[in-house]
Amino acid sequence: MTDGLAPVETQTSLLDTIPTLEPVIRAGLDDLERGILPAEIMRAVEEAGILDVWIPSKVSGNEADPVDWLKAVEAIARIDASVGWAVIVLSGHVRLLTVDHYTRFSELTDGRVLPAFASAPRGRAVAVEGGYRVTGRWPFASGSTYATWHGGVAMVVAEDGTPQMAPNDLHPMMIQVMWPADQGKIVETWDGLGLRGTASHDIEVEDLFVPDGQALLEPFPLRAEHATERVRELGVLAHGTHALGLARGALDEFQRIVASKPIPGSRSAAVMGHTESHRIAFAKADALLRAARSLLYGAVEDALVAPRTTSSPRTTASRSGRRTSSPSGPAARSSTRSSRSPVPARCTGAVSSSGPSAT
């Protein structure tokens with residue numbers, strides 16, 4: 001990791017697991033296309049440690065290098081988009097939890113905390129002694145069929161349904177509630193044309209008691225002691241690496257088609273990829289992809305550079321990828337970058353290799 005980052009202790013790169021995972025994922029492609037997220041695939045991903053990245057090591061988590069995780073998402077999405085998406089959700093939503101939350105949840109589901117969470121405020125929560133009575137139905141809960149926990153945003157209301165106002169009295173009070181997956185139900189509504197195998201179904205509960213310990217009043221806790229906890233938008237950036245994997249997979253498929261035997265009698269199939277215009281178009285697409293990859297990983301590294309001496313742990317990346325605070329000052333940033341080329345060190349592999357497994 002770059003100077004200034006908290007140390008990350010990982011024995012091997014998550015990318016080392018991809019060659020083993022690829023045949024497992026490819027064996028389930030037909031099921032994925034039919035809208036099924038195979039448990040065999042997700043179990044293999046879980047056993048590879050890719051779903052444990054955001055779990056602190058103090059509670060037996062992997063707590064790996066966040067850039068390593070982003071590259072693993074990219075590599076998996078290159079093989080299949082649905083599995084890559086499920087990885088983002090089932091591992092990334094653990095970041096909603098504090099260590100205390102994770103410990104409690106782990107005890108309730110045999111040590112496996114894999115949340116499928118829907119952010120739309122489609123629930124209502126009535127405060128009762130020790131917690132809330134929650135009713136609601138939430139759409140787009142990706143990974144729902146493999147998740148051990150479900151959750152969604154709920155408006156806090158009185159018994160008569162009157163919204164309860166937040167402390168600032170400017171808007172209704174919202175909380176994020178979570179429950180073991182077997183306490184609610186899945187309504188199979190997901191039938192999209194793309195990402196068919198993400199199991200992004202509706203999740204539903206009716207008058208379910210949710211203890212206070214499963215109501216998240218301030219999700220995404222930020223702490224500076226570890227790089228995985230320092231940047232709020234890392235989960236969003238994973239959507240970027242997922243897109244990079246999809247794009248590389250599309251170029252891979254084009255190359256496969258070009259190299260295969262053309263359809264007899266089809267002139268277009270015979271010349272595909274062999275004309276000058278096709279080669280130029282492919283080269284441009286490849287160059288654009290490499291540039292996008294360099295930009296994204298450069299933005300990630302910039303966001304993660306936050307010396308532990310800073311007085312504020314809330315160094316975050318904006319949606320443009322630039323830091324919203326600069327605790328270390330220009331001199332510290334200069335010393336961090338003095339040994340680097342104009343392309344950030346962490347993404348030099350993106351320039352030298354076309355694949356997401358490049359480091």
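The rules we used
Residues numbered from 1 in each chain as written. Predicted model: local features only at pLDDT ≥ 70, side-chain atom pairs only at ≥ 80, totals over all residues. Heavy atoms only, no water. Helix = DSSP H or I, 4+ residues; strand = E, 2+ residues; numbered from the N terminus. Buried < 20%, exposed > 50% of the residue type's maximum accessible area, 1.4 Å probe, protein only. Contact = heavy atoms within 4.5 Å. Areas by Shrake-Rupley, 256 points an atom, 1.4 Å probe, with all protein chains shown as cover. Pairing = 2+ DSSP bridges. Salt bridge = Lys/Arg side-chain N within 4 Å of Asp/Glu carboxyl O. pLDDT = per-residue confidence, 0-100. Phe/Tyr/Trp six-rings, centres within 6.5 Å; stacked < 30°, edge-to-face > 60°. Lys NZ or Arg CZ within 6 Å of the ring centre and 35° of its normal. Expected span 1.5 Å × (residues − 1). Polar contact = N/O pair within 3.5 Å; in protein donor to acceptor, adjacent residues only side chain to side chain.

K.L.:
Mind showing me how you'd approach the overall build of the protein here?
P.N.:
Along the protein, the regular secondary structure elements total eleven helices and seven strands. Within the protein, the proportion of its 359 residues that are buried is 49%. A separation of at least 24 residues holds for 72% of the contacts in the protein among residues at least 6 apart in sequence. Counting every atom, the protein has about 17400 Å² of accessible surface; 53% of that belongs to carbon and sulfur.

K.L.:
Looking at this structure, how should I read the pairing of strand E3 (residues 149-157)?
P.N.:
Note on strand geometry: in a regular strand, side chains alternate between the two faces of the sheet. Burial runs high along E3: nine of the nine residues are buried. A two-sided burial pattern is seen for E3, the buried positions comprising Trp149, Gly151, Val153, Met155 and Val157 on one face and His150, Gly152, Ala154 and Val156 on the other. Of the pairings in the sheet, the one linking strand E1 (residues 115-128) to E3 comprises nine bridges and is parallel in character. Bridge assignment links Ala116 to a residue of E3, and that residue is His150.

K.L.:
Is there a simple way to think about the pairing of strand E6 (residues 201-211) in this case?
P.N.:
In the sheet, strand E2 (residues 131-141) pairs with E6 via eight bridges, with the strands oriented antiparallel. Bridge pairing in E6 places Gly136 opposite Val205. Relative to E6, strand E5 (residues 185-187) runs antiparallel, the two being bridged by three bridges. The partner of Val187 across the bridge, within E6, is Asp202.

K.L.:
Even after reading the chapter, I still don't get the pattern of salt bridges, so can you show me in this structure?
P.N.:
It is possible for side chains bearing opposite charge to pair when their charged atoms get close. For the structure on display, the rule yields twelve salt bridges. For Asp207, the salt bridge is made with Arg133, and the minimal N-O distance between the two is 3.3 Å. Of this pair, Asp207 sits in strand E6 while Arg133 is found in strand E2, placing the two residues 74 residues apart along the sequence. By relative accessible area, which is 43% here, Asp207 ends up partly exposed.

K.L.:
Whenever I open this one, the confidence of the model for the protein confuses me. Can you help?
P.N.:
Do not read the fine detail of predicted coordinates wherever pLDDT is low. When pLDDT is averaged along the protein, the result is 81, and 76% of the positions lie at 70 or above. In this model residues 1-11 is a low-confidence stretch, pLDDT under 50, and it forms 32 contacts with partners more than four residues away in sequence or in other chains.

K.L.:
Explanation requested: unusual backbone geometry in the structure shown.
P.N.:
Residues other than glycine predominantly adopt negative phi, and peptide bonds predominantly adopt the trans conformation. One non-glycine residue with positive phi stands out, namely Leu195, at about 50 degrees. Inspection of the secondary structure puts Leu195 in the loop between E5 and E6.

K.L.:
When you look at the packing of aromatic side chains in this model, what are you seeing that I'm missing?
P.N.:
We describe a pair of aromatic rings using the distance from one ring centre to the other and the angle between the two ring planes. Applying the stated criterion across every chain, the model contains four aromatic pairs. Consider the rings of Trp138 and Trp179, whose centres lie 5.4 Å apart with planes at 40 degrees: the pair is tilted. Taken together, the residues span a long stretch of sequence, with Trp138 in strand E2 and Trp179 in strand E4 (residues 174-180) at a distance of 41 residues. There is no split in this pair, since Trp138 and Trp179 are both buried. When the ring of Phe140 is compared with that of Trp190, the centres are 6.2 Å apart and the planes differ by 85 degrees; the resulting orientation is edge-to-face. With Phe140 in strand E2 and Trp190 in the loop between E5 and E6, this pair connects stretches of sequence that are 50 residues apart. Given a relative accessible area of 24%, Trp190 falls into the partly exposed group. The side chain of Lys71 reaches across the aromatic face of Tyr297, ending 5.6 Å from its centre.

K.L.:
Quick question: what am I supposed to make of the sheet that holds E1 here?
P.N.:
The strands that make up a sheet pair up through hydrogen bonds in the backbone, lying either parallel or antiparallel. Pairing is mixed in the open sheet, where seven strands are placed in the order E5-E6-E2-E1-E3-E4-E7. The open sheet has two edge strands, E5 and strand E7 (215-216), and neither has a second partner. The pairing of E4 with E7 spans two bridges and is antiparallel. From the neighbouring strand, Gln176 faces E7, where its bridge partner is Leu216.

K.L.:
What is the right way to read the environment of Gly273 from this model?
P.N.:
Looking at where Gly273 falls in the secondary structure, it is placed in the loop between helix H8 (267-271) and helix H9 (276-304). Along the backbone, Gly273 and Gln255 are 18 residues apart, and their C-alpha atoms lie at a distance of 7.9 Å. What Gly273 contacts, discounting residues up to four positions off in sequence, is Phe254, Val258, His278 and Arg279.

K.L.:
How do you make sense of the environment of Leu108 when you look at a structure like this?
P.N.:
By the secondary structure assignment, Leu108 is in helix H6 (residues 99-108). Considered as a pair, Leu108 and Trp149 are 41 residues apart in the sequence and their alpha carbons are 9.8 Å apart. Not counting residues within four places of it along the chain, the set of residues in contact with Leu108 comprises Trp149 and Gln214.

K.L.:
Quick question: what am I supposed to make of helix H5 (residues 81-92) here?
P.N.:
Since the α-helix advances by 3.6 residues per turn, residues separated by three or four positions end up pointing in the same direction. Here H5 contains twelve residues, and its C-alpha end-to-end distance of 16 Å stays within 8% of the 16 Å for a straight helix at 1.5 Å per residue. Within H5, eleven of the twelve residues are buried, which leaves it mostly tucked inside the rest of the structure. For H5, the complete set of buried residues consists of Ala81, Ser82, Val83, Gly84, Ala86, Val87, Ile88, Val89, Leu90, Ser91 and Gly92. For H5, the elements touching its buried residues are helix H1 (18-27), helix H2 (29-33), helix H3 (39-47), helix H4 (66-79), E1 and helix H7 (234-259). The backbone nitrogen of Ser82 lies 3.0 Å from a side-chain oxygen of the residue at the head of H5, namely Asp80.

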